[in-house]
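Fold and contact review
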Amino acid sequence: MKIKVFSLRTTSIIMLVISVVIILAKGYHYINRKIVNDRLQKSEIDFFNENTKLAFIENVYRRGLFEPPFGDIFVVDLKSREKVRLNYDGYYDRYPSISRINRCIYFESKRGELAKKLHLSSPSDIYKYDFRSNEIVSARKDIEFALIDTTSTIEKPIVSSFNDSVIVFTENGVKQDYLVLSNYIRNEIIFQLKNDSILNYWFGKDYLLIRRKLNMYSSDEAKYYYYDFRTSTFKNCGHILTGNVIGFSQDGNTLFEIKKVNDESLVRKIDLRNEVKENVYVKDSDRWEREGNFSSIKLFLEDTTSIVEKYSDKNTELANIFLIKKNDEFERLTSKPRKRMDFTIWY
């Protein structure tokens, strides 16, 4: 009988400790949300001035009650080097992109009561961080005119950096998935393409580049083609674009690809319309290992200036962001290794 009493006491103590920890965690998150909002209010970043901005998702990647389980949205002004965090919450966020017209950042997220219960199994939708109210709200009404199925989920919404009245996203319907391109300012559908095998997509100045897998069961075999806004036609570019797309020049007319050639990491500058390509950046594998294991070059600011992630030695999922200048020197943009992804640049 004494053993049972002791067990009940022990259980009560454990439950009390757990309750205290949960209360402390909630208080910790509340305080941090207040700090993030306060810093954002005091930030000197003008999100809509002429300075180039870099947006991305960052996760401190620590397990436990005292850190959000998924990444939040960060923005860096590449002229002042100031970095700000836009939100602090426990929701899944991906693919931030700016809309100067609507003064917001659109992104994919899993939010609401269902997301609290199902987490990553909950449906995705399009949301926006509204700079006029400094709040995150649903953005489904902004693109509802272009949906085939009103009950569908929305993934990977991207606004063009060169024409921010144009948005592309993946619509996952009950029976069929679609890649939808539209002008959300004029409520105009440009195309609704069956998305059976599309792996990725990017905006150039006057086109949308699409990478589609050739084999339904493997992503190793893939081909590129693009939709030309000027002629409203699809064009094949797989014969000139054979590596991995890593970014675009500031004017949007030129893209960059990276590929391995004779154990070297070769970056090529490509003009798709004129079918002209040029080698612009080569690093031998030995030098890369000495400087640190780079995952890939993420974005190009100018012809030979890029943003890269530099992985830390202890955990290959944690990285700092460095700016590679024209003289091949590195400048650190972040101070601590974090899990960072979905880099988007706007000018």
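What counts and how
- Residues numbered from 1 in each chain as written.
- Predicted model: local features only at pLDDT ≥ 70, side-chain atom pairs only at ≥ 80, totals over all residues.
- Heavy atoms only, no water.
- Helix = DSSP H or I, 4+ residues; strand = E, 2+ residues; numbered from the N terminus.
- Buried < 20%, exposed > 50% of the residue type's maximum accessible area, 1.4 Å probe, protein only.
- Contact = heavy atoms within 4.5 Å.
- Areas by Shrake-Rupley, 256 points an atom, 1.4 Å probe, with all protein chains shown as cover.
- Pairing = 2+ DSSP bridges.
- Phe/Tyr/Trp six-rings, centres within 6.5 Å; stacked < 30°, edge-to-face > 60°.
- Lys NZ or Arg CZ within 6 Å of the ring centre and 35° of its normal.
- Salt bridge = Lys/Arg side-chain N within 4 Å of Asp/Glu carboxyl O.
- Core = buried A, V, L, I, M, F, W, Y, C linked by side-chain atoms within 4.5 Å.
- Axes fitted to C-alpha atoms, helices over the stretch in contact; angles between N-to-C directions.
- pLDDT = per-residue confidence, 0-100.
- Polar contact = N/O pair within 3.5 Å; in protein donor to acceptor, adjacent residues only side chain to side chain.

Turning to the overall build of the protein, a few remarks are in order. Looking only at helices and strands, the protein features 4 helices and 24 strands. Across the 347 residues in the protein, those meeting the buried criterion constitute 48%. Considering only residue pairs separated by 6 or more positions, the protein has 41% of its internal contacts joining residues 24 or more positions apart. Only carbon and sulfur atoms are counted for the fraction: they give 50% of the accessible area of the protein, which is about 18,500 Å².

Burial runs high along strand E16 (residues 244-248): 4 of the 5 residues are buried. Sheet analysis places E16 next to strand E17 (residues 255-261), joined by 4 bridges and oriented antiparallel. When the sheet's bridge partners are listed, Asn244 is paired in E17 with Ile258. In textbook terms, the turn of a hairpin is the stretch between consecutive antiparallel strands, and for E16 and E17 this stretch comprises 6 residues, one of which, Gly252, has a positive phi near 80 degrees.

Once that is clear, we can look at unusual backbone geometry. A positive phi angle, close to 50 degrees, is found at Arg103, a residue other than glycine. Within the secondary structure layout, Arg103 lies in the loop between strand E4 (92-99) and strand E5 (104-110).

Moving on: the packing of aromatic side chains. In total, this model carries 16 aromatic pairs according to the counting rule given. Measuring from ring centre to ring centre gives 5.6 Å for Tyr106 and Tyr184, while their planes differ by 80 degrees; the resulting arrangement is edge-to-face. Of this pair, Tyr106 sits in strand E5 while Tyr184 sits in the loop between strand E10 (177-183) and strand E11 (188-194); the two residues are 78 residues apart in sequence, bridging distant segments of the chain. The burial state of Tyr106 is the same as that of Tyr184; both residues are buried. Judged by centre distance (5.7 Å) and plane angle (85 degrees), the rings of Tyr227 and Phe229 are edge-to-face. The exposure class of Phe229 is partly exposed, given its relative accessible area of 25%. Here the basic side chain of Lys110 rests over the ring of Tyr92, its NZ or CZ set 5.4 Å away from the ring centre. Lys156 extends its terminal NZ or CZ atom over the ring of Tyr201, reaching a point 4.9 Å from the ring centre.

Right, let's talk about the pattern of salt bridges for a bit. Any two side chains of opposite charge can pair, on the condition that their charged atoms come close. For the structure on display, the rule yields 15 salt bridges. Close ionic contact of Arg111 with Asp89 constitutes a salt bridge, the shortest N to O distance being 3.0 Å. Taken as a pair, Arg111 in the loop between E5 and helix H2 (113-118) and Asp89 in the loop between strand E3 (83-85) and E4 lie far apart in primary sequence, 22 residues in all. Take Arg111 and Asp89: they sit in the same class, and that class is buried.

Moving on to the nonpolar core. The biggest cluster of nonpolar side chains holds 16 residues, and the ones touching the most others in it are Phe47, Val75, Leu86, Ile105 and Phe131. If you list the elements that add at least two residues to this core, you get strand E1 (53-59), strand E2 (72-77), E5 and strand E6 (125-130).

Read from one edge to the other, the open sheet built from 4 strands follows the order E8-E9-E10-E11, with strand pairing classed as antiparallel. The sheet is open, and its two borders are formed by strand E8 (153-159) and E11, each paired with just one other strand. Averaged over all adjacent pairs, the angle separating strand axes in this sheet is 20 degrees, with direction ignored. Here E8 runs beside strand E9 (residues 166-172); their pairing, made up of 5 bridges, is antiparallel. When the sheet's bridge partners are listed, Glu155 is paired in E9 with Thr170.

A word on the sheet that holds E3. Spatially, 4 strands are ordered E3-E2-E1-E24 in an open sheet, and the strand pairing comes out antiparallel. For this open sheet the edge positions go to E3 and strand E24 (339-346), each flanked by a neighbour on one side alone. With strand direction ignored, the average angle separating the axes of adjacent strands in the sheet is 25 degrees. With 6 bridges joining them, E1 and E24 adopt antiparallel strand pairing.

This part is about the confidence of the model for the protein. A residue-level look at the protein finds 73% of positions with pLDDT of 70 or above and a mean pLDDT of 79. Mean pLDDT per element in the protein: helix H4 (residues 285-291) is the minimum at 43, and helix H3 (residues 140-143) is the maximum at 96. With pLDDT under 50 throughout, residues 285-297 is counted as low confidence; its partners more than four residues away or in other chains account for 26 contacts.

All right, on to the environment of Ala222 then. Relative to the elements of secondary structure, Ala222 occurs in strand E14 (residues 218-228). Taking C-alpha positions, Ala222 is 9.1 Å from Ile198, a pair spaced 24 residues apart along the chain. With residues up to four places along the chain from it excluded, the contact list for Ala222 reads Leu199, Arg211, Arg212, Lys213 and Leu214.

This part takes up the side chain of Asp142. Tracing the sequence through the fold places Asp142 in helix H3. Polar side-chain contacts of Asp142 include one of 3.1 Å to the side chain of Lys128.

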